Amino acid sequence: MPLDVVPLGPDRLRDILDVDLWAFPSPVPVEEQLDWPTPLPWGRTYGIEDSTHPGRLAAFHASYPFGQTPVPGARLPVAGLTWVCVHPQWRRQGLLRAMIRSHFTHCLERGEAVSMLFAAEPAIYGRFGYGLAARQVMLTVPRGAPLRPVDASGLSVRIEHFDETQHGALVTQLHAGVDRPGWVTRSGEAHQRSFLSETPQRKGEYETLRILVVERDAQPVGYALFRRRFAWGPAGPAGSVRVVEVVAEDPAVAHVVWSHLLDLDLTTEVLTPNLATDDPLLSMLVDVRSAQARTQDNLWVRLVDVAAALAGRRYRTDLDVVIEVADSVLPDNAGRWHVRASAGGVPEVSRTDRGPDLALDVRELGAAYLGGVSLVELAGAGLVTEVTAGTLAPAATAFGWHRAPVASWIF
Ligand SMILES: CC(C)(COP(=O)(O)OP(=O)(O)OC[C@H]1O[C@@H](n2cnc3c(N)ncnc32)[C@H](O)[C@@H]1OP(=O)(O)O)[C@@H](O)C(=O)NCCC(=O)NCCS
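What you see is a predicted model; the values in this text were computed from it and never measured.

Quick word on the environment of His402
Turning to step 1, where the next piece is worked out: With respect to the helices and strands, the residue His402 is situated in the segment after α12 (392-399).
Turning to step 2, where the next piece is worked out: A count of 10 C-beta atoms within 10 Å places His402 in the exposed class.
Turning to step 3, where the next piece is worked out: Separated by 365 residues in sequence, His402 and Pro37 place their C-alpha atoms 37 Å apart.

Spelled out as structure tokens, the structure:
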């Protein structure tokens, strides 16, 4: 079957949702989902037609325009690859490969040097040059878990039904103010509306969305979006609190947010959202072991234009290194790149004939890009080669960052 990737507009929403439900089965039929707010970015949604049934889609994908995404020391336009769906009848016939190639072409045309994604299955995207760049921690914290004290004087708390008119701007503004690598913000109003919507997928057995707002001098300085589920067990109340997202401007705010969430009546546990591996909650908990932690892959990063991407971030220490990059999918990236930077300064990246110091696949460069996965760690797994002795450790320090990367929500 021809694998031409074509643009899709809103007139194809029904077909798109049908393929989505083939890829991600759901009990909610297309007819019902047509009424939900859609975050699909028109103009950035593409598909492959089913040539055996004219007018029917076989596959599609989209990419969100994450315009101001924090990377170490800077902000960059990033393409957030999403909604990757292939009808089961057409799987393993190269449709995903064709869509990824098309996605990279569009990224380059739009000047997006970096693409990021959440993987439905971690084994899918490495072959296309995406590296695991951020890990997340998810905790199940028992109700009442003690926190180490932080002076939280001067803060007040409001706990309310979430209402877009009242709270939408506050959430958007506080979320966009976070400066942590990988912290993507919703790509626009439609996207935000969809994220905060009350669809059965988002709600499950939980109540409608609630918000806890923390204020200082009548100004919002943090929030938690959450839902509770009521349950009654043999020992009495057994409800849980599912936290959707937390933003806290400083330690006192974080302390107030978590103290309130950990002390809601008729609940026994708090399920955290995606937390960075250096989230303050991990240090505040007196008994971190009681907070049953699970780690999981968070963001996967692809350097679509290696030179622009390496020049688009900052480095923690002075750096002068030649990196030999292999890239079988985008050969323009392959070869030796000389990266020079002073700590925190604007880097210079150029092609060079100089002998390499380090050699790696573009996938590993994507993994190290947000500063959360060390080149030394990757070398320890045999994925980075130190060609010139003594160059790996300084390069790993320079590529590192003082805050661990994470995206607070799954796109
Ligand atoms: C995952 C999915 C998109 C793959 O699409 P596809 O058209 O079958 O993939 P392709 O035929 O282009 O395969 C390309 C390569 O990826 C591999 N691959 C595809 N899906 C894979 C998976 N789930 N796990 C591991 N490898 C996978 C193929 O084996 C092939 O490898 P190779 O070329 O190196 O031999 C499709 O099966 C699907 O829609 N699944 C359900 C929804 C989903 O998981 N979407 C991903 C959202 S992040």
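That shown, we press on.
Looking at unusual backbone geometry
Turning to step 1, where the next piece is worked out: Positive phi is not limited to glycine here, since Asp217 has a value of about 50°.
Turning to step 2, where the next piece is worked out: Looking at the element boundaries, Asp217 is found in the loop between β9 (210-216) and β10 (219-229).
Turning to step 3, where the next piece is worked out: Its identity as a non-glycine residue notwithstanding, Ala218 has a phi of 65°, on the positive side.
Turning to step 4, where the next piece is worked out: Here Ala218 is to be found in the loop between β9 and β10.

Comments concerning the domain arrangement of the chain
Turning to step 1, where the next piece is worked out: Each domain of the chain was delimited in the assignment, giving domain 1 (6-112), domain 2 (137-297) and domain 3 (305-399).
Turning to step 2, where the next piece is worked out: On a C-alpha basis, the centres of domain 1 and domain 2 stand 30 Å from each other.
Turning to step 3, where the next piece is worked out: Contacts between the two partners involve 16 residues from domain 1, matched on the other side by 15 residues from domain 2.
Turning to step 4, where the next piece is worked out: Elements that contribute at least two residues to the side of domain 1 that touches domain 2 include exactly β3 (57-71) and β4 (74-86).
Turning to step 5, where the next piece is worked out: Of all the elements, β3 adds the most residues to the side of domain 1 that touches domain 2, at six residues.
Turning to step 6, where the next piece is worked out: The residue inventory of the side of domain 1 that touches domain 2, partitioned by class, reads twelve nonpolar, four polar and no charged.

So, the site of the ligand
Turning to step 1, where the next piece is worked out: If you check the shell around the ligand, you find 18 residues, and the closest are Ala23, Arg91, Leu95, Leu96 and Ala120.
Turning to step 2, where the next piece is worked out: At the level of elements, β4 and α3 (95-110) are the ones that each hand at least two residues to the shell around the ligand.
Turning to step 3, where the next piece is worked out: Partitioning the shell around the ligand into residue classes produces eleven nonpolar, two polar and five charged.

Calculation rules
Residues numbered from 1 in each chain as written. Predicted model: local features only at pLDDT ≥ 70, side-chain atom pairs only at ≥ 80, totals over all residues. Helix = DSSP H or I, 4+ residues; strand = E, 2+ residues; numbered from the N terminus. Buried ≥ 20, exposed ≤ 12 C-beta atoms within 10 Å, placed from the backbone. Domains from an automatic or database assignment. Contact = placed C-beta atoms within 7 Å. Nonpolar A, V, L, I, M, F, W, Y, C, P; charged D, E, K, R; others polar. Near = placed C-beta within 6 Å.

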